[in-house]
Amino acid sequence: MTAGAQTRGVSSVMHVRCPDRLSEDTFRQVLELLANLSPVVQALPPSAALVELKGALRYHRADARRLGEIVRLRSVALLGVDVRVGIGPTITVAATASRQITDPGGILAVDPGQVADWLEPLPVDALHGIGPRQAAALRGYGVDRVGLLAGLSPATVQRILGGRAGRLAADRARGIDPRSVAPRALPTSTSVSVTFPRDTLDGAAVRAALLDLVVQLGQVLRRRGQVARALALTLKFAGGPSWEKSRRLTEASAHEDDLRTMAYRLIDAAGLQRGRLTGLALRGEDLIGAGQVAQQISLDHAREDRLVTEEVSDRIRDKFGPGAIGPAATLLRVS
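Keep in mind that what you see is a predicted model, and the values were worked out from it rather than measured. (Residues numbered from 1 in each chain as written. Predicted model: local features only at pLDDT ≥ 70, side-chain atom pairs only at ≥ 80, totals over all residues. Heavy atoms only, no water.)

Looking only at helices and strands, the chain features 12 helices and 11 strands. Per-residue burial for the chain yields a buried fraction of 47% across its 335 residues. Surface accessibility of the chain: about 16,500 Å² in total, with carbon and sulfur atoms responsible for 50%. (Helix = DSSP H or I, 4+ residues; strand = E, 2+ residues; numbered from the N terminus. Buried < 20%, exposed > 50% of the residue type's maximum accessible area, 1.4 Å probe, protein only. Areas by Shrake-Rupley, 256 points an atom, 1.4 Å probe, with all protein chains shown as cover.)

The next thing to look at is the confidence of the model for the chain. For any part of a model where pLDDT is low, the fine detail of the predicted coordinates should not be relied upon. Summarising the model, the chain shows a mean pLDDT of 85, and 85% of its residues fall at 70 or more. Every residue in residues 2–10 scores below 50 in pLDDT, and together they form 19 contacts with partners more than four places removed in sequence or on other chains. (pLDDT = per-residue confidence, 0-100. Contact = heavy atoms within 4.5 Å.)

Further remarks concern the packing of aromatic side chains. Per the stated rule, a full pass over the model turns up 0 aromatic pairs. The ring of tyrosine 264 has arginine 207 lying over it, and the distance from NZ or CZ to the ring centre is 4.7 Å. (Phe/Tyr/Trp six-rings, centres within 6.5 Å; stacked < 30°, edge-to-face > 60°. Lys NZ or Arg CZ within 6 Å of the ring centre and 35° of its normal.)

Now for the pairing of strand E8 (residues 242–253). Regular strands place their side chains on alternate faces of the sheet. Judged from the 8 bridges that link them, strand E7 (residues 226–237) and E8 form a sheet pairing that is antiparallel. Bridge assignment links alanine 232 to a residue of E8, and that residue is serine 246. Connecting the antiparallel pair E7 and E8 is a turn made up of 4 residues, with glycine 239 showing a positive phi of about 95°. (Pairing = 2+ DSSP bridges.)

Turning to the nonpolar core, a few remarks are in order. One broad rule of soluble globular proteins: the nonpolar side chains tend to lie buried together. Ranked by internal contacts, the top residues of the largest apolar core, which has 29 residues, are Leu221, Leu231, Leu233, Leu277, Leu280 and Leu282. Elements represented by at least two residues in this core include exactly strand E6 (190–200), helix H10 (203–224), E7, E8, helix H11 (256–269) and strand E9 (277–285). With 7 residues, H10 is the single largest residue contributor to this core. In this structure leucine 280 touches Val192, Ser193, Val194, Phe196, Val206, Ala209, Leu210, Leu213, Thr234 and Leu235, once residues within four positions along its chain are discounted. Ranked by size, the runner-up nonpolar core spans 27 residues in total, among them Phe27, Leu31, Val51 and Leu57. (Core = buried A, V, L, I, M, F, W, Y, C linked by side-chain atoms within 4.5 Å.)

Another aspect to go through is the pattern of salt bridges. Where charged atoms from two side chains of opposite charge come close, those side chains can pair. One pass over the full model with this rule turns up 12 salt bridges. A salt bridge links arginine 66 to glutamate 69; the nearest nitrogen and oxygen atoms lie 3.4 Å apart. In this pair, arginine 66 and glutamate 69 are both assigned in helix H3 (residues 64–79), 3 residues apart and thus about one turn of the helix distant. You can call arginine 66 partly exposed: its relative accessible area is 44%. (Salt bridge = Lys/Arg side-chain N within 4 Å of Asp/Glu carboxyl O.)

Below, the structure written as C-alpha cells:
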C-alpha cells in the first residue's frame, strides 16, 4: 500500500509526526488542532501524537483518511507545519505507517484487513517498537523482515530478545497491540536541588553532589513511572548569578546510568574553574510515562546487572529512607 491509498474498513488510530526540532509552542498548537478533531489525544513529545478516531469517525461522518486530510490541511494552513499521518487499527500499525512516509508530509492509511500483507515486506527495524539493537539481534538470526518475525514462534523470539521484549515483538509483528490511546497533555518537569552549607570551589564535592542529585532524580522518576527525554542543569554562584544548560537524552530514561552520563556532560560544558558555587539543580524535562517507551534489549550484561541493582536499591530506599544507601541527601528538595 502506498501513501495516500484509500482505506477500506474502519481504522481507529491516527499517529501524527511533526517535523523534528519543532518548538514546544508550535507543538502545543498542533495538539490543539487534533483536540478539535477528537477528544482523545495523547501527546508524544517532542513532536508526535496519537489520536483515537472511533468517536471522531461517527461525529464527523467521514472516513479515517478524510480526517487525516483535514489534519494536514489545517496544520499547513494555520501553522505552516506539514505532518505525516499514519492510520491503522492499532497504535503499532499507525506509528509504523507514519514512519514509512518519506516526504515532509503525507497520509498512509492501512486497512485492518490488510495489516499482515502490508507489514510482511517491511524491514524488521521499520516496525514501531523495534530498536536498533533488537533489529541487529534479529538480523543476526536471518530475521530481516517483519514477515519473517511474524512467522517465528513467540518462544523463539523470546530466546532472541528476552522475555517481555520478545513477547511484544512477536505480537506486534502479527499486528497485535491491545493498547488504547490514553489522553495525555504535554508532560511537566521535575527537579531536585542542593544548597551548599558554604560557597565551594571544590570540584570533587560538586561532582559528588551532582551524582547524589542524579540518584534522587532517577528514584523520583521511577517511583512516578516516568522517564525524562531531556535534562537541565542549573549552577548557582555566589553573588546571585546562575548558569543553566539543557540537552536531550539519546533515549528517554529514568536510569541512573543514562542520567549520570548526561549530567556530567552538562557540568563539563560549564567549564568551571574558579567559580564559587552555592548550589545545584537538576531537572528532568519532557517527561512521559515509562510505558510509552519501547523497552530495548541492551546486549550489555554489565548494564543489565546495574539495572537489577538499581531496582533493589529503590526497594531498600523506599523501606529505610533515602540515606539507607550512599551519602544521605539531607539537603535535597524535590519539586
